[in-house]
Amino acid sequence: MNPLNHVAIIMDGNGRWGLKNKKSRNEGHKEGLKTVEQIIKETIKHKIKYLTLYAFSTENWKRPKNEIDYLFKLLENFLINKITDLNKQNIKLKIIGEKKFSKKLNNLINISEKKTYKNSGLQINLALNYGSKKEILSALKKLIKKNQTISEQNLEKYLDTSGIPEPDILIRT
Ligand code: FPP
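Figured I'd write up the structure that's included with this text.

The rules behind the values
- Residues numbered from 1 in each chain as written.
- Predicted model: local features only at pLDDT ≥ 70, side-chain atom pairs only at ≥ 80, totals over all residues.
- Heavy atoms only, no water.
- Near = heavy atom within 4 Å.
- Polar contact = N/O pair within 3.5 Å; in protein donor to acceptor, adjacent residues only side chain to side chain.
- Areas by Shrake-Rupley, 256 points an atom, 1.4 Å probe, with all protein chains shown as cover.
- Nonpolar A, V, L, I, M, F, W, Y, C, P; charged D, E, K, R; others polar.
- Helix = DSSP H or I, 4+ residues; strand = E, 2+ residues; numbered from the N terminus.
- Contact = heavy atoms within 4.5 Å.
- Pairing = 2+ DSSP bridges.
- Axes fitted to C-alpha atoms, helices over the stretch in contact; angles between N-to-C directions.
- Phe/Tyr/Trp six-rings, centres within 6.5 Å; stacked < 30°, edge-to-face > 60°.
- Buried < 20%, exposed > 50% of the residue type's maximum accessible area, 1.4 Å probe, protein only.
- Lys NZ or Arg CZ within 6 Å of the ring centre and 35° of its normal.
- Parallel < 35°, antiparallel > 145°, perpendicular 65-115°, else oblique.
- Left-handed = near helix turned anticlockwise from the far one by under 90°.

**Considerations on the site of the ligand**
Right, so step 1: Neighbouring the ligand are 16 residues, the closest being D12, R16, R25, H29 and R63.
Right, so step 2: Taking D12, its side chain carries an N or O atom lying 2.7 Å from an oxygen atom of the ligand.
Right, so step 3: Between the ligand and R16, the relevant distance is 2.7 Å, taken from an oxygen atom to a main-chain nitrogen or oxygen of the residue.
Right, so step 4: The fraction of the free accessible surface of the ligand (620 Å²) that becomes covered by protein chains is 93%.
Right, so step 5: In terms of residue class, the shell around the ligand is built from seven nonpolar, five polar and four charged.

This is the structure:
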């Protein structure tokens, strides 16, 4: 087993790379996704069990509409074109973050998660509309609703990341 069990990556710099090299932030995102595919290949090769990709934070909604639309189109196409392949490779896809997107994307996400749920190889945690404070708050609300004691152990049960070990390394690209 690889001593690195969980690698987490904050995706960053796509826009700047795109502007510098292709005169377009969106082109940078397109290239960034190719890099993600390379990272997935390397993660499998090195037998790493968990890969978390912080792709779109709650803060990212402040970006121009054309960039947000482009990013979600990339994501839709990724799920449509790659999920069968990811499934064949025994990869489990889990979305962390509040799943409040278009009906089409929500459906695609649900289908992709269900299809790969039982897979036991690499688990990819894709953080979308994710914010750590939001995650804690939402878990806390669930705890209170169920009238359970506020404790670390109980809180953990309701986190999106419940059951996922802490990352061994956090990389900012
Ligand atoms: C970071 O670069 C990239 C993002 C915030 C978005 C990444 C998301 C996608 C490519 C959508 C699909 C994702 C996957 C993994 C299927 P940045 O825009 O923050 O770059 P900057 O720091 O130069 O502005």
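**Overview of the environment of T161**
Right, so step 1: As for its position among the elements, T161 is in the loop between α6 (152–157) and β5 (169–172).
Right, so step 2: Filtering out sequence-adjacent residues up to four positions away, T161 remains in contact with I96, E135 and E156.

**Brief notes about the sheet that holds strand β1 (residues 6–10)**
Right, so step 1: Taken in spatial order, the five strands of this open sheet run β3-β4-β2-β1-β5, and their pairing is parallel. Edge strands, defined here as strands with exactly one partner in the open sheet, are β3 (92–96) and β5. When the angles between neighbouring strand axes are averaged without regard to direction, this sheet yields 20°.
Right, so step 2: In the sheet, β3 pairs with strand β4 (residues 123–130) via five bridges, with the strands oriented parallel. Across the sheet, the residue bridging to K92 is Q123, located in β4.
Right, so step 3: Strands β3 and β4 of the sheet are contacted by helix α4 (residues 103–116), whose axis makes an angle of about 140° with β3.

**Examining the packing of aromatic side chains**
Right, so step 1: Going through the model one piece at a time under the given rule, you end up with six aromatic pairs.
Right, so step 2: Measuring from centroid to centroid gives 4.9 Å for F56 and W61, while their planes differ by 75°, and the two rings are edge-to-face.
Right, so step 3: Between F56 and F72, the aromatic rings sit 4.9 Å apart at their centres with planes inclined by 65°, giving edge-to-face as the arrangement. Taken as a pair, F56 in strand β2 (residues 50–57) and F72 in helix α3 (residues 65–88) lie far apart in primary sequence, 16 residues in all. Summarising the burial analysis for this pair, F56 and F72 share the class buried.
Right, so step 4: The side chain of K49 reaches across the aromatic face of Y50, ending 5.0 Å from its centre.

**Some points on the packing of α3 against α4**
Right, so step 1: Orientation of α3 relative to α4, taken along the N-to-C sense of each, is 20°, at an axis distance of 10 Å. Between α3 and α4, the crossing angle belongs to the class labelled roughly parallel. At the point where α3 passes α4, the crossing takes the left-handed sense. Taking contact as the criterion, the partners of F72, K73, L75, E76, L79, I80, I83, T84 and N87 in α3 are, on α4, K104, L105, L108, I109, S112, K115 and T116.
Right, so step 2: Its residues assigned to classes, the contact of α3 with α4 shows eight nonpolar, four polar and four charged.

**Details of the side chain of N14**
Right, so step 1: Among the structural elements, N14 can be located in helix α1 (residues 14–22).
Right, so step 2: Excluding its chain neighbours within four sequence positions, the residues that come into contact with N14 are R25, G28, H29 and G32.

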